[in-house]
Amino acid sequence: MATLQQVMDDQREFANARDWGQFHTPKNLAMALGGEVGELSAAIADALSSPSDRAGLASLESVTSEIADVTLYLLRLFDVLGFAIPERRTQGRDESSSQVQEHLVLVTLAKLVGRVGAILELWQWSSPQEIQTTTERVEHRIVAAFDDLASVAGLVDVELADVAAAKLARNADRYPVSKSFGSHSKYTDFY
């Protein structure tokens, strides 16, 4: 079982090996995080609108993959900004009815979307110099977004560190150093 700290350390090595630090500014990472939260929202909405998928969100690759992506971007933001990861254990599902669980997932997901929007808003029009001064204001917003993500993961019965570690391993295959060094191209451009 992976820990979030191990995943963050592995992700740092992954990015350094590919010379991606030049692209991993807080603003760029926040913009990518916003996109991934949107994809997570769409994956969960699609799953909840399908009667066959409603009961097994954790078994859907679309949902777990997006939870992993959001986790990785939040961890990278923690790392780049020098913030400590709040050690949280994902709380498992309780015995509430499936309708209550679905409502909780949607409400918590909406909170996550709002928190990430608040992070993006801080850097929306910022110059590189201004980004430095906003890092103090953004830490509590990133921690709050992380807490909301951990709640969503718990409600769908997914362990953040495990899905993020698995996604990082898949990304190592998708982004070989020989093809991705110093490049911001998507893996689909390599093949």
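Here the structure is shown first, and the text comes after it.
Rules used throughout
Residues numbered from 1 in each chain as written. Predicted model: local features only at pLDDT ≥ 70, side-chain atom pairs only at ≥ 80, totals over all residues. Heavy atoms only, no water. Helix = DSSP H or I, 4+ residues; strand = E, 2+ residues; numbered from the N terminus. Buried < 20%, exposed > 50% of the residue type's maximum accessible area, 1.4 Å probe, protein only. Contact = heavy atoms within 4.5 Å. Areas by Shrake-Rupley, 256 points an atom, 1.4 Å probe, with all protein chains shown as cover. Expected span 1.5 Å × (residues − 1). Phe/Tyr/Trp six-rings, centres within 6.5 Å; stacked < 30°, edge-to-face > 60°. Polar contact = N/O pair within 3.5 Å; in protein donor to acceptor, adjacent residues only side chain to side chain. Axes fitted to C-alpha atoms, helices over the stretch in contact; angles between N-to-C directions. Parallel < 35°, antiparallel > 145°, perpendicular 65-115°, else oblique. Left-handed = near helix turned anticlockwise from the far one by under 90°. Nonpolar A, V, L, I, M, F, W, Y, C, P; charged D, E, K, R; others polar. Core = buried A, V, L, I, M, F, W, Y, C linked by side-chain atoms within 4.5 Å. Salt bridge = Lys/Arg side-chain N within 4 Å of Asp/Glu carboxyl O.

Asker: With reference to specific residues and values, describe the overall build of the protein chain.
Answerer: Within the protein chain one finds seven helices and zero strands. Walking the protein chain from its N terminus toward its C terminus, one meets helices and strands in the order α-α-α-α-α-α-α. In the protein chain, which comprises 191 residues, the share counted as buried stands at 45%. Relative to all contacts within the protein chain whose residues are 6 or more apart in sequence, the contacts with residues 24 or more apart total 78%. Only carbon and sulfur atoms are counted for the fraction: they give 51% of the accessible area of the protein chain, which is about 9700 Å².

Asker: Hey, could you go over helix α1 (residues 4–17) for me, with residue numbers and the actual values?
Answerer: Taking 1.5 Å of rise per residue, 14 residues should cover 20 Å, and α1 covers 20 Å from first to last C-alpha, within 8% of that figure. Asp19 sits one or two positions beyond α1 and adopts a positive phi of about 55 degrees.

Asker: Let's hear about unusual backbone geometry: which residues, and what values?
Answerer: Residues apart from glycine generally show negative phi values, whereas peptide bonds are mostly found in trans. Despite not being glycine, Asp19 has its phi angle at roughly 55 degrees, a positive value. One can find Asp19 in the loop between α1 and α2 (26–48). Although it is not a glycine, Asp157 sits at a positive phi angle of roughly 65 degrees.

Asker: With reference to specific residues and values, describe the packing of aromatic side chains.
Answerer: Considering all chains together, one arrives at three aromatic pairs under this definition. Ring plane angle 80 degrees and centroid distance 5.8 Å describe the contact between Phe78 and Phe146, whose orientation is recorded as edge-to-face. Residue Phe78 is located in helix α3 (residues 61–81), and its partner Phe146 is located in helix α5 (residues 128–155); the two are separated by 68 residues in the primary sequence. For the pair Phe78 and Phe146, one class covers both residues: buried. Among the aromatic residues, those joined into a cluster by ring pairs are Phe14, Trp20 and Tyr175.

Asker: Mind laying out the side chain of Asp79, listing which residues take part and the relevant values?
Answerer: Topologically, Asp79 is positioned in helix α3. Of note is the side chain of Asp79, whose polar atom sits 3.0 Å from the side chain of Arg76. Setting aside chain neighbours within four positions, we find Asp79 in contact with Met8 and Arg12.

Asker: Explain the environment of Val7 to me, and be specific about the residues and the numbers.
Answerer: Along the chain, the position of Val7 falls in helix α1. For Val7 and Leu75, which are 68 residues apart along the polypeptide, the C-alpha to C-alpha distance reads 8.1 Å. Residues contacting Val7, with those up to four places away along its chain left out, are Ala2, Leu72, Leu75, Ala161, Ala164, Ala165 and Leu168.

Asker: I'd love a proper account of the packing of α1 against helix α6 (residues 160–174), names of residues and values included.
Answerer: Packed helices, taken two at a time, are described by the angle their axes make and the gap between the axes. Two numbers describe how α1 lies on α6: the axes approach to 9 Å, and their chain directions differ by 20 degrees. Taken together, the axes of α1 and α6 are roughly parallel relative to one another. In terms of crossing hand, the pair formed by α1 and α6 is left-handed. Residue-level contacts link Leu4, Val7, Asp10, Gln11 and Phe14 of α1 to Leu160, Ala161, Ala164, Ala165, Leu168, Asn171 and Ala172 of α6. Its residues assigned to classes, the contact of α1 with α6 comprises nine nonpolar, two polar and one charged.

Asker: I'd like a rundown of the nonpolar core, residues and numbers included.
Answerer: Within the largest apolar cluster, 49 residues are counted, with the highest numbers of intra-cluster contacts made by Ile67 and Ile142. For this core, the secondary-structure elements that each account for two or more residues are α1, α2, α3, α4 (98–123), α5 and α6. Counting residues per element, this core draws most heavily on α3, at 10 residues. With six residues, the next largest nonpolar core counts Ala15, Leu168, Tyr175 and Phe190 among its residues.

Asker: Outline the side chain of Asn171, supporting the account with residue identities and numerical values.
Answerer: By the element assignment, Asn171 lies in helix α6. The residues touching Asn171, leaving out its near neighbours within four places in the chain, are Phe14 and Leu72.

Asker: Explain the pattern of salt bridges to me, and be specific about the residues and the numbers.
Answerer: A side chain with one charge can pair with a side chain of the opposite charge if their charged atoms come near. In this structure the tally under the stated criterion is seven salt bridges. Across the salt bridge formed by Asp79 and Arg76, the nearest N and O atoms sit 3.0 Å from each other. Note that Asp79 and Arg76 are positioned in helix α3 at a spacing of three residues, about one turn of the helix. Judged by its relative accessible area of 17%, Asp79 is buried. Overall, the relative accessible area of 6% leaves Arg76 in the buried class. The residue Asp148 makes a salt bridge to Lys111 at a minimum N-O spacing of 3.9 Å. In this pair, Asp148 is assigned in helix α5 and Lys111 in helix α4, connecting sequence segments 37 residues apart. Since its relative accessible area comes to 4%, Asp148 is described here as buried.

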